[in-house]
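What follows is the residue order along each chain.
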Amino acid sequence: MTIRTILTVPDPRLRQKCAPVAEVTDEVRALLDDMLETMYDAPGIGLAAIQIGVAKRCLVMDVSPSTREDGEPPQKNPITMVNPVITRVSEEMSDYEEGCLSVPEYYEFVERPARCTVRYLDYDGVEQELDCEGMLATCVQHEIDHLDGGLFIDYLSRLKRERIVRKFTKALKQREKA
Ligand code: GNR
Ligand code: NI
């Protein structure tokens, strides 16, 4: 397993539409393993393949608490999804403060359906359906947006979005000069 580099805005690859996976092979499982390792290392609660430069419809998540009050090692709950599709969303919406490993250190509230159902292929290539609520519902919608080139900043006003992208573009140019 390998910790991979996470792409950040304004990298144009983050705006790509990702291709469906034909079959969950060992190669796809190796990608999912790398994604999990990269996500835990970051640390983050989710990661889409395009964030490490792979334009495939794969995502990983773990929304379980990362620390425990009694100091015991926390339980890991990795979820991997291949070709995920949202099949149902609730009318009820919820507002969560979101962040993104591809837009580091920026947080803003986004409103999304409070619950959703997702159909996908699991690590073994078996079709599954999962009802999501709370943080998991927000996270899976955030990750599926990535598969179509979407970012959570797309839900903000144009002014806010352009301000963020400009800041990251400036920082990138500074780094390139150095
Ligand atoms: O680590 C992450 N935290 C997070 C918090 C609120 C809503 C969504 C997320 S996903 C994010 C990791 C990431 O960028 N996934 O694409
Ligand atoms: Ni993200």
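Residues numbered from 1 in each chain as written. Chains lettered and ligands numbered in written order. Predicted model: local features only at pLDDT ≥ 70, side-chain atom pairs only at ≥ 80, totals over all residues. Heavy atoms only, no water.

*Asks:* Can you help me understand unusual backbone geometry in this one?
*Replies:* It is generally the case that most residues other than glycine have a negative phi and that most peptide bonds are trans. Going from V9 to P10, the amide bond is cis rather than trans, its omega being 5°. If you trace the backbone, P10 turns up in the segment before α1 (26-41). A42 connects to P43 through a cis peptide bond whose omega is -10°. With respect to the element layout, P43 can be found in the loop between α1 and β1 (46-48). Despite not being glycine, N83 shows a phi value in the positive range, around 50°. Looking at the secondary structure, you find N83 in strand β3 (residues 79-89). Phi at E105 is positive, roughly 60°, even though this residue is not glycine. Tracing the backbone shows E105 in strand β5 (residues 103-113). Classification of E105 by relative accessible area gives exposed; the value is 72%. (Helix = DSSP H or I, 4+ residues; strand = E, 2+ residues; numbered from the N terminus. Buried < 20%, exposed > 50% of the residue type's maximum accessible area, 1.4 Å probe, protein only.)

*Asks:* How should α1 be read in this particular structure?
*Replies:* One turn of the α-helix equals 3.6 residues, which is why residues spaced by three or four share an orientation. With 16 residues, α1 extends 22 Å between its outermost C-alpha atoms, agreeing within 8% with the 22 Å of an ideal straight helix rising 1.5 Å per residue. Residues of α1 that are buried make contact with β1, β2 (58-61) and β3. (Expected span 1.5 Å × (residues − 1). Contact = heavy atoms within 4.5 Å.)

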